[in-house]
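# Results of the structural survey
Single-letter residue listing:
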Amino acid sequence: MTAGTLPLSGRVRVLVVDDNDGFRGSLAALLGGEDLEVVGEASSGIEAIRLVNELAPDVVLMDVRMPQMDGIETTRRLKAQHPSLEVVALTGLEEERAVREMLVAGASGYVLKDSEGDEIIHAVRRAASGGALLSPDVTPTVIEQLLEALERERRRTRQLEIAQEALLERGARRQQLIGRVGHELRTPVTVILGLAQTLRRGGLDDQQLDEVLDTLVLRTEGLARLVRRFEAAIEAGLTEWANVTELAKEVEARDPRIRVEAPLAPVMTALNRTAGIRILEELVENALAFSPETSQVVIRVSNDDGIPQVRVIDRGHGIEPAAIPRIFEPLEQAQELHTRTHPGIGLGLSLARLSARAMDGDVTLESTGHEGTTFLWSVAGGPSSHAQPPPRIAALR
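Notes on the structure in this doc start here. As the structure is a prediction and not an experimental result, all values here were calculated from the model.

What follows covers the overall build of the chain. For the chain, the helix and strand inventory stands at 12 helices and 13 strands. Here the chain holds 397 residues, and 46% of them are scored as buried. For the chain, the share of sequence-separated contacts (at least 6 apart) that also reach a separation of at least 24 residues comes to 68%. When the accessible surface of the chain is totalled, it reaches about 19,600 Å², and 53% of it is carbon and sulfur.

Laid out in C-alpha cells, this is it:
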C-alpha cells in the first residue's frame, strides 16, 4: 500500500497488539466494521513480529507498555522490516516520553487507551490513508519537546551529552514506575468490575453467589496490597538522609524469624524511608515464603567501599535455573493476585527493583543454590543489573 491510498480491497487490515487479553478483545470488537478488518491479535512484541510477517496487515495498533519487548522496540523492528507498514501507538498513560520514542521508532499516530472509540477508529483510518493522528491531550507538548530536543542535539558538546544521559536515565526509571502503575492496576480493576456486573445481573444460586463474593473479596484485598506497594514505589524519588540499619531493624521487629546483622556504626545514605521499608518487606516476604518454618531469614547490612548494601539471605531450596531469567518479571495478568506459582516470581520483586533503581540503587539476585538464596539491594550508587549472572547462578544453568 502506498502512502496516501487505502488498500485496493477497500478494507483496512488491522493487527491488534496488547498484552491484556480482555482489552485486546475489546479493541478487536471495536475495530470490526465496514472498512476495517482485524486479521489477527498478538499478546507480545515477539508474536506481533511473527504475525505481521504471516498476515501482512496494513496497520498495527500497538500497545506501548508490554513485558519482554515493549511497543517502542517492536515498532522499531517492524518498520525496519516493513517500511510501508503503519503503526498507531496506544497506551493508557499520557506519557510524553513514550510518545516521542514511538514517533522516532516510526509510529504514524498515537491515541490514549481511554480515548473514545471513534477516536481510535479514526486514528487507524488516518494511518491507513497515509495521515497521522496524535491525541490532542499530548500533541502540543510532544511537538514542542521534539523541536527542543533537535535544537539541543545541534548545540550540546560531548560533556553536556554525558550529563544529560545521566539525568534521563534517572527520569526513565521513575517513568517506568509510573508506567507499571497503570499497566498492573488495569487488569484487577477490570476483573473486579466484571464480578460486580455479574452480581448486578443476578440469577445466581447460593453456591455461585458465595463463589463470586469470595473471589471479589480476594481480588479487592489483592488490589489494596497492590496500591500500597505502588504508593511506596512512586514516592521513591523523595529522599532523605537515613540510617539503613534502622530500616532493617524495623522490619526485623515484625517477625521472630528475621535476624539483622549490621555494623555498630550507622550506615547512612539518601533514600525514601517508605520505599526503603517496602523494598526490604518485599525481599523478606519472598525469603520467608520459600524457607523452612524453622529457619531464619538474615538481613545483612554492610557499607562496601562507601556503598550501603543490604543482603536478604534465606535457607530455602534455591530457584530453579529455568526461572532465573524471569525472576524480576512482573506478575502476569493470568496469575491470581494472592498467589505465586514459583519461588521469587511475582510483582513484589519487580516493584522492589523498580523502587531501588528510582533511588539510584538496584536489587539483584546475588546467588542461589540448594543451601539458599541471596538477594542484594545496593542501596545507592550500586551497579545496575548484571550483564552476566554471578558464578553461583551460572553454574546452575
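If you look at the biggest cluster of nonpolar residues, it comprises 36 residues, and the most contacted ones within it are Leu 280, Ile 299 and Trp 377. Of all elements in the fold, only helix H9 (244–252), strand E8 (258–261), helix H10 (273–289), strand E10 (297–304), strand E11 (307–313), helix H11 (347–358), strand E12 (362–369) and strand E13 (372–378) reach the threshold of two or more residues within this core. When residues in this core are grouped by element, the largest group, 8 residues, is from H10. If sequence neighbours within four positions are ignored, Ile 299 has contacts with Ala 248, Val 251, Ile 258, Arg 259, Val 260, Glu 261, Leu 280, Val 284, Val 310 and Arg 311.

In terms of burial, E12 is largely enclosed, as 7 of its 8 residues are buried. The pairing of E12 with E13 spans 7 bridges and is antiparallel. When the sheet's bridge partners are listed, Gly 369 is paired in E13 with Gly 372.

With that settled, consider the sheet that holds E11. A sheet is described by the order of its strands in space; here 5 strands give the open sequence E8-E10-E11-E13-E12, paired in mixed fashion. Only two strands of the sheet have a single partner each, and these edge strands are E8 and E12. Going from strand to strand, the sheet's axes swing by 20 degrees on average, the running direction of each strand aside. In terms of strand pairing, E8 meets E10 through 4 bridges, oriented parallel.

Relative to each other, helix H1 (residues 21–31) and helix H5 (residues 117–128) sit at 70 degrees, their axes nearing to 10 Å. Relative to H5, the element H1 is oriented roughly perpendicular. Here H1 contributes Leu 27, Leu 30 and Leu 31 to the contact with H5, which in turn contributes Gly 117, Ile 120, Ile 121 and Val 124. In terms of residue class, the contact of H1 with H5 is built from 6 nonpolar, 1 polar and no charged.

As for its placement among the helices and strands, Ser 295 is situated in the loop between H10 and E10. At 2.8 Å, the side chain of Ser 295 and the backbone oxygen of Pro 292 are in polar contact. When sequence neighbours within four positions are dropped, the list of residues in contact with Ser 295 reads Arg 257 and Arg 315.

The next point concerns helix H2 (residues 45–55). Given 3.6 residues per helical turn, the α-helix brings residues three or four places apart onto the same face. Along H2, the residues that are buried comprise Gly 45, Ala 48, Ile 49, Leu 51 and Val 52. Where the residues of H2 are buried, they touch strand E1 (12–17), strand E2 (36–42), strand E3 (59–63) and helix H3 (71–81). Phi for Ala 56, located one or two positions after H2, is positive at around 50 degrees.

What follows deals with the packing of aromatic side chains. A full pass over the atoms with the stated rule returns 1 aromatic pair. Taking 6.1 Å as the distance between ring centres and 85 degrees as the angle between the ring planes, the aromatic pair formed by Phe 328 and Phe 375 counts as edge-to-face. Highlighted residues: Phe 328 in the loop between E11 and H11 and Phe 375 in strand E13, separated in sequence by 47 residues. Assigned by exposure class, Phe 328 and Phe 375 land together as buried. Taking the ring centre of Phe 328 as reference, the NZ or CZ of Arg 353 above it sits at 3.8 Å.

Two side chains bearing opposite charge may form a pair once their charged atoms approach each other closely. According to the stated counting rule, one finds 22 salt bridges in the structure shown. Of the charged contacts, one joins Arg 311 and Glu 366 as a salt bridge, the two residues approaching to 2.9 Å between their closest N and O atoms. Taken together, the positions of Arg 311 in strand E11 and Glu 366 in strand E12 put the pair 55 residues apart, joining distant regions of the chain. Here Asp 362 ties to Arg 353 by a salt bridge, and the two come within 3.6 Å at their closest N and O atoms. Ionic contacts of the salt-bridge type, sharing partners, join the residues Glu 250, Arg 254, Arg 273, Arg 278, Glu 281 and Glu 282 into one network.

Cut-offs and rules
Residues numbered from 1 in each chain as written. Predicted model: local features only at pLDDT ≥ 70, side-chain atom pairs only at ≥ 80, totals over all residues. Heavy atoms only, no water. Helix = DSSP H or I, 4+ residues; strand = E, 2+ residues; numbered from the N terminus. Buried < 20%, exposed > 50% of the residue type's maximum accessible area, 1.4 Å probe, protein only. Contact = heavy atoms within 4.5 Å. Areas by Shrake-Rupley, 256 points an atom, 1.4 Å probe, with all protein chains shown as cover. Core = buried A, V, L, I, M, F, W, Y, C linked by side-chain atoms within 4.5 Å. Pairing = 2+ DSSP bridges. Axes fitted to C-alpha atoms, helices over the stretch in contact; angles between N-to-C directions. Parallel < 35°, antiparallel > 145°, perpendicular 65-115°, else oblique. Nonpolar A, V, L, I, M, F, W, Y, C, P; charged D, E, K, R; others polar. Polar contact = N/O pair within 3.5 Å; in protein donor to acceptor, adjacent residues only side chain to side chain. Phe/Tyr/Trp six-rings, centres within 6.5 Å; stacked < 30°, edge-to-face > 60°. Lys NZ or Arg CZ within 6 Å of the ring centre and 35° of its normal. Salt bridge = Lys/Arg side-chain N within 4 Å of Asp/Glu carboxyl O.

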